[in-house]
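Per-entry structural report
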Amino acid sequence: MSNKFRVGVTRDVLGADGRPFFDDLGLELLDDHPRVDWEILPERVDVISPQHTADYDGLLLLAPRVTRASFGPASRTAVIARFGVGYDSVDVDACTDAGVALTITPDAVRRPVASAMVAMVLGLAHRVRERDLQVREGRWSEKFTVVGTGLTGRTVGLVGLGRIGAEFCRLLAPFEMKAVAYDPFADRERAAASGIEMVSLETLLSTSDFVCIAAPLTDSTHKLIGADALAMMKSSAYLVNAARGPIVDEEALVDSLRARRIAGAALDVFDPEPPTADNPLFALDNVVLTPHSIAHSDELYRACGRSAISALLAVADGLAPEHTVNRAVLTSETFRARVLRAGA
C-alpha cells in the first residue's frame, strides 16, 4: 500500500473544454510535493460520498456538499479544503465527529469580494443598468432623466463586519461615506478605530442609504432581512447582497422592489441557486443580478487555489492547517493520528 498522501480535487475545477477553468490555481504545487499523489475526481458530484473519504487523505472542493453521510467506517480523510470562505454547504459538526479538519480561504477572498461589493454600490449609485439600456434602446435623448445618487455624506450599513466587511469599508473610505455596522460578534473597539459605528439592526436599516450584507449564513442570519426588515429601509435606499441568498427573504424582497418601497437592489446570490427561469426578479427593472460570481477574478482564483492547497500540504507534512473552521478537531485523537501518519 502506498504511503503517499492522496488528494482528490472535485471535478468542477474543470471547464467545458476539460481544462482547469483558471490556469493558475496552483495545482502544480501538488505535483511538486514528493509525498503527494493527486487526481481530479472522475465525475462531477453534488455531494461527497463515503467512497471519496475512503479513497483520499485530503479533498479540495468547490461546490459539492459534505454531509454526515459523507463519512463511513473506512474514511481516511484528514482535511477538506474548501475553495472560498463560505461553508454552509458543509456539515461542520459531522467533519469534527469524523476527525476531519475543514479549512477555508478567508484571506484570499477578502479583497476580491469587498471590491465586488464596492462595484455593486457604485453600479446602483450611478444607475448603470438604466443608462446601459438607454444606449442599447436608442433613448439617448432621455439621458438627463436618470439621476444617480452621490455617495459623499451618505450612509452605508454593513450587516456583518468580518474581514470582508471591514475591507469593504476601507475601500469605500475615499468616498467620504458614513459607515455603520450590525454584528453581535464584532470587536467594537476595532470597528471604532476604523471609523465604523456599531448600531442595532433596526438603526442600520432605517438610516442607511445602502444596506450591504457581508454576514455568513447561519441559523441566526437565515432570512434575517425579511418583510419587517425591508419595511424599515428608506424608500430611497438600496440593498446589496453578495453573501448568501437565504439571508434575504427573496419573496419579501420582490414585493418591496415591485412596490418601490426601496429604490433597488444588487444581488449576486439567490435562494435557491441557480434561480428558476420564472424567478420574478428577472422581470424587475430596479435590480441588478449576477450569477454568484461578481467577485470572481484572476486575483481570487489564484489566491484561493494556493490557500486551499497550502492547507492540504500542511497536513501532508504532519502539521495543523491554517484557517481551520472546526479548530476543536485539531486535538482529536482521530485527526492527530491521521496527521501523524501523513507526516511519517
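Heads up: the structure comes first, above all this text.
Residues numbered from 1 in each chain as written. Predicted model: local features only at pLDDT ≥ 70, side-chain atom pairs only at ≥ 80, totals over all residues. Heavy atoms only, no water.

Comments concerning the pattern of salt bridges
Tallied over the entire structure, the rule returns 21 salt bridges. One salt bridge connects R68 with D97, and the closest N-O pair in it is separated by 3.1 Å. Of the two residues, R68 sits in the loop between strand 3 (58-61) and strand 4 (79-82) while D97 sits in helix 3 (residues 92-97), which places them 29 residues apart along the sequence. Residue R68 is classed as partly exposed on the basis of its relative accessible area, which comes to 44%. The salt bridge involving R170 is made with E167; its shortest N-O contact spans 3.3 Å. Residue R170 and its partner E167 are located together in helix 6 (residues 163-172), separated by three residues, close to a single helical turn. It is possible to trace a salt-bridge network through shared partners that takes in D24, E28, R302 and R306. (Salt bridge = Lys/Arg side-chain N within 4 Å of Asp/Glu carboxyl O. Helix = DSSP H or I, 4+ residues; strand = E, 2+ residues; numbered from the N terminus. Buried < 20%, exposed > 50% of the residue type's maximum accessible area, 1.4 Å probe, protein only.)

Side note on the sheet that holds strand 12 (residues 287-289)
Read from one edge to the other, the open sheet built from seven strands follows the order 8-7-6-9-10-11-12, with strand pairing classed as parallel. Bordering the open sheet on either side are strand 8 (196-198) and strand 12, each of which pairs with just one other strand. Strand-to-strand, the axes of this sheet are offset by a mean angle of 20 degrees, without reference to chain direction. Examined bridge by bridge, strand 6 (residues 155-159) and strand 9 (residues 210-213) share four bridges and lie parallel to one another. If you follow L158 over to strand 9, its bridge partner there is C212. (Pairing = 2+ DSSP bridges. Axes fitted to C-alpha atoms, helices over the stretch in contact; angles between N-to-C directions.)

Side note on the nonpolar core
In this structure, M117, V156, L158, F168, F210 and C212 are the most contacted members of the largest nonpolar core, which totals 66 residues. Here this core takes eleven residues from helix 4 (residues 106-125), the largest share from any one element. In contact with M117, other than residues within four places in its own chain, are L158, I164, F168, C212, I213, A214 and A242. Counting residues in each nonpolar core, the second largest holds 28 residues, with V180, I225, A229 and V287 among its members. (Core = buried A, V, L, I, M, F, W, Y, C linked by side-chain atoms within 4.5 Å. Contact = heavy atoms within 4.5 Å.)

So, the packing of helix 4 against helix 11 (residues 298-316)
Where helix 4 meets helix 11, the closest approach of the two axes is 8 Å, and the angle between their N-to-C directions is 170 degrees. When the axis of helix 4 is compared with that of helix 11, the two are roughly antiparallel. From helix 4, A108, V109, R111 and P112 reach across to helix 11, where they touch E299, L300, A303 and C304. (Parallel < 35°, antiparallel > 145°, perpendicular 65-115°, else oblique.)

A closer look at the pairing of strand 6
Most of strand 6 is tucked away, with five of its five residues classed as buried. Going residue by residue along strand 6, you find T155, G157 and V159 tucked away on one face and V156 and L158 tucked away on the opposite face as well. Looking at chain direction, strand 6 and strand 7 (residues 178-182) are connected through five bridges and run parallel. Looking across to strand 7, one finds that L158 is bridged to A181. Considered for its hand, the β-α-β crossover made up of strand 6, helix 6 and strand 7 is right-handed. (Right-handed = clockwise from strand over helix to strand, strands pointing away.)

Brief notes about the state of the cysteines
By the definition in use, this model includes zero disulfides. Cysteine C95 shares no disulfide, and the gap to the nearest cysteine sulfur, in C304, comes to 18 Å. C169 takes part in no disulfide bond, and the closest cysteine sulfur to it belongs to C212, at a distance of 8.5 Å. Residue class for C169 comes out buried when judged on its relative accessible area of 10%. (Disulfide = S-S within 2.5 Å.)

Thoughts on the sheet that holds strand 4
In space, the five strands of this open sheet follow the order 2-1-3-4-5, with parallel pairing throughout. A single partner strand is all that each edge strand has here, and the edge strands are strand 2 (36-40) and strand 5 (101-103). Strand-to-strand twist of the sheet, defined as the mean angle between neighbouring strand axes without regard to direction, takes the value 15 degrees. Packed on one face of the sheet, helix 11 meets strand 1 (5-9), strand 2, strand 3, strand 4 and strand 5 and runs near 165 degrees to strand 4.

Some points on the packing of helix 4 against helix 6
Their axes nearest at 8 Å, the elements helix 4 and helix 6 cross at an angle of 50 degrees. Of the possible angle classes, the one that applies to helix 4 and helix 6 is oblique. As helix 4 packs across helix 6, the resulting crossing turns out to be right-handed. Residues P106, D107, V109, R110, R111, V113, A114, S115, M117, V118 and V121 of helix 4 lie in contact with helix 6, whose contacting residues are R163, I164, E167, F168, R170, L171 and L172. When its residues are assigned to classes, the contact of helix 4 with helix 6 shows eleven nonpolar, one polar and six charged. (Left-handed = near helix turned anticlockwise from the far one by under 90°. Nonpolar A, V, L, I, M, F, W, Y, C, P; charged D, E, K, R; others polar.)

Interpretation note: all reported values are geometric properties and have no functional meaning in isolation.
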